[in-house]
Amino acid sequence: MAFSKEEIAQRIAKEIKDGYYVNLGIGIPTLVANYIPKGINVVLQSENGLLGMGPFPFEGEEDADLINAGKQTITTLPGSSIFDSAMSFGMIRAQKVDLTILGAMEVSENGDIANWKIPGKMVKGMGGAMDLVASAKNIIVAMQHINKAGESKLLPKCTLPLTGVKCIKKIVTELAVLDILPEGGFKLLERAPGVSIEFIQQSTAGRLIVEGEIPEMRLD
Amino acid sequence: MINKVVSGAEEAIKDISDGVTIMLGGFGLCGIPENCINALVNKQVKNLTCISNNAGVDDFGIGLMLKQRQVKKMISSYVGENAEFERQLLSGELEVDLIPQGTLATRCLAAGYGMPAIFTPAGVGTEVAEGKEVRNFDGKDYLMEYAFDADFAIVKAWKGDTAGNLIFRSTSRNFNPVMAMAGKVTIAEVEELVEAGELDPDYIHTPGIYVHRIFQGKDYEKRIEQRTVRSKS
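Residues numbered from 1 in each chain as written. Chains lettered and ligands numbered in written order. Predicted model: local features only at pLDDT ≥ 70, side-chain atom pairs only at ≥ 80, totals over all residues. Heavy atoms only, no water.

For the rest of this paragraph, the subject is the packing of aromatic side chains. On inspection of all chains with the given rule, the structure shows two aromatic pairs over all chains. Clustering of aromatic rings is evident, with ring pairs tying together Phe119(B), Phe137(B) and Tyr142(B). Taking the ring centre of Phe27(B) as reference, the NZ or CZ of Lys71(A) above it sits at 4.9 Å. Seen from the ring of Trp158(B), Lys159(B) lies directly overhead, with NZ or CZ sitting 4.6 Å from the centre. (Phe/Tyr/Trp six-rings, centres within 6.5 Å; stacked < 30°, edge-to-face > 60°. Lys NZ or Arg CZ within 6 Å of the ring centre and 35° of its normal.)

Here it is in structure tokens:
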């Protein structure tokens, strides 16, 4: 069974370690906040200018001045801090943020990522994505392995305009956990429960590297 | 103390004319200068170049200026919530320069700090890098990006004093302080305007030297783009 979006988020959450400052992108990455392991201290950065993002406010307590990078109303926590947009990207560029989790439309086998533009169709802009992928020391991409038409989004080479080059090292999809090797290629680490290596192979247009036993993804 | 106070938005923007470049603070609809945007809409100035992280929504914020076709060129990082914007862009009516959010913020900062350019890795190897100088420092490539050159910066603060000192509230701070530093003329609208001396100098976010005109705004709507809540139960 392929993983749901929530399960992808849950699997990624296992990569978060005690003491991490983490930036979560829009979409599946936002869901990761719900699954941060109990008992560890993690600070969420929101690139519009907040460290220490808390949960959504209780109904009636929304504050128009307090939003996250997805423009959702949120709260602060004890120890939170607020700063301007230049400082926010300053701490990203200076690699003070330990882990960045973001979505993608396409990833290539050499670690390129495309997630901001479909020429002639969708022009929303890159927001902070280009800054994040160019500077982050540790990036995990949360994405669908195949699109609605059944086509692979893990490619030999991206077809859409790039967000960044050679910057992605780890991907979690509904089918698998994969590393992108420094020399290129998607190395299969884990597969979703009941999903065969053959199916992952068929669903990966880029070069898939399979070595030894591939365990099933576990969420606990 | 030099008094920076003007009567309101109309007076504050009186010399904003067709064809100028304006920075507008805010992130999404959070911390946008609502009073000045309304005054610009009423004044119907045209052919503006607007530097702002977002372009508002169809019926609020910069979206109101777009609807009236007052904007010739938009320099932004994310414009996803505005259907009219997307229509004008795809049809070629509106010139758009999409740039990384950190680059946008830091080009403001550079202007306010008197530095002509910055080097950033954001956009290296992408279409953002086309035509730009690339420099390698310590084995990593960086793009040279110029400081912005804006005729006016319009920002929104929570509190301000008659000397132009500003304090921002919560995440409505966002681009406002860096844009305040970057305008040749900076206009600040504030929710609460007080006499010089009433704000603690230790808590000022933007020193009054960067602010040329200040006024207390009115009727703030402070629209929420994505109202997300949890239930108490």
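This is not the end of the story, as more comes after the structure.
Another aspect to go through is the nonpolar core. With 50 residues, the main nonpolar core has Val107(A), Val141(A) and Ile171(A) as its most contacted residues. Those residues in contact with Val141(A), other than ones at most four positions away along the chain, are Leu102(A), Gly103(A), Ala104(A), Val107(A), Ile113(A), Ile168(A), Lys170(A), Ile171(A) and Val172(A). Membership of the second largest hydrophobic core comes to 45 residues, among which are Ala12(B), Phe60(B), Ile62(B) and Val185(B). (Core = buried A, V, L, I, M, F, W, Y, C linked by side-chain atoms within 4.5 Å. Buried < 20%, exposed > 50% of the residue type's maximum accessible area, 1.4 Å probe, protein only. Contact = heavy atoms within 4.5 Å.)

It is worth spelling out the interface of chain A and chain B at this point. Contacts between chain A and chain B engage 49 residues on the former and 51 residues on the latter. Of the roughly 4300 Å² buried between chain A and chain B on both sides combined, carbon and sulfur atoms contribute 58%. On the chain A side of the interface with chain B, the three residues burying the most area are Asp65(A), Lys71(A) and Lys124(A), jointly 18% of the side's total. The interface formed by chain A and chain B includes six salt bridges. (Buried area = accessible area lost by both parts, 1.4 Å probe. Salt bridge = Lys/Arg side-chain N within 4 Å of Asp/Glu carboxyl O.)

Residue and element names in this part refer to chain A. The sheet built from 10 strands is open, its strands ordered 4-3-2-1-5-10-12-13-14-15 with mixed pairing. Each of the sheet's edge strands pairs with one partner strand only, and the pair in question is strand 4 (75-82) and strand 15 (208-209). The pairing of strand 13 (residues 176-180) with strand 14 (residues 186-191) spans five bridges and is antiparallel. Directly across from Ala176, in strand 14, lies its bridge partner Arg191. Across the sheet, helix 3 (residues 85-93) touches strand 1 (21-24), strand 2 (43-46) and strand 3 (50-54), and the angle it forms with strand 2 is around 125°. (Pairing = 2+ DSSP bridges. Helix = DSSP H or I, 4+ residues; strand = E, 2+ residues; numbered from the N terminus. Axes fitted to C-alpha atoms, helices over the stretch in contact; angles between N-to-C directions.)

The next subject is the side chain of Thr173(A). Residues and elements named next belong to chain A. Counting through the fold element by element, Thr173 comes out in the loop between strand 12 (170-172) and strand 13. Engagement of the side chain of Thr173 in a polar contact is seen with the side chain of His145, the distance being 2.8 Å. Within polar-contact distance, the side chain of Thr173 engages the backbone nitrogen of Leu175 at 2.9 Å. Excluding residues within four positions of it along the chain, Thr173 makes contact with Ile8, Met143, Gln144, His145, Leu154, Leu178 and Met217. (Polar contact = N/O pair within 3.5 Å; in protein donor to acceptor, adjacent residues only side chain to side chain.)

Another point: helix 5 (residues 101-112) of chain B. Note: α-helices contain 3.6 residues per turn, so residues at a spacing of three or four share the same orientation. Residues and elements named next belong to chain B. Compared with an ideal rise of 1.5 Å per residue, which puts 12 residues at 16 Å, helix 5 spans 17 Å between its outermost C-alpha atoms and is within 8% of the ideal. Across the 12 residues that make up helix 5, a large majority, 10, are buried. Buried residues of helix 5: Gln101, Gly102, Thr103, Leu104, Ala105, Thr106, Arg107, Cys108, Ala110 and Gly112, and no others. One or two positions beyond helix 5, positive phi appears at Gly114, with a value near 70°. (Expected span 1.5 Å × (residues − 1).)

We now examine the environment of Glu81(B). On the secondary structure map, Glu81(B) appears in the loop between strand 3 (71-76) and helix 4 (83-90). According to the relative accessible area criterion, Glu81(B) is partly exposed, its value standing at 34%. Along the primary structure Glu81(B) and Val45(B) are separated by 36 residues, whereas in three dimensions their C-alpha atoms are 24 Å apart. Once residues lying within four places of it in the same chain are set aside, the contact partners of Glu81(B) are Lys71(A), Gly56(B), Val57(B), Asp58(B) and Glu225(B).

What follows concerns empty space enclosed by the protein. All names here are of chain B. Within this structure, the stated rule accounts for five cavities of 30 Å³ or more. The calculated volume of the largest cavity comes to roughly 60 Å³. Taken together, 13 residues form the lining of the largest cavity, with Asn54, Ala55, Gly56, Glu81 and Glu225 sitting closest to its centre. Looking at the lining of the largest cavity residue by residue, the class counts come to five nonpolar, five polar and three charged. (1 Å grid on protein atoms, 1.4 Å probe; cavity = no way out; pocket = protein on both sides within 12 Å on 5 of 7 lines; lining within 4 Å. Points joined across faces, edges and corners; volume = space filled by probe spheres on them. Nonpolar A, V, L, I, M, F, W, Y, C, P; charged D, E, K, R; others polar.)

Among the residues of helix 3 of chain A, Ser85(A), Ala86(A), Ser88(A), Phe89(A), Met91(A) and Ile92(A) are the ones counted as buried. Among the residues trailing helix 3 of chain A, Gln95(A) stands out with phi positive, at a value near 60°.

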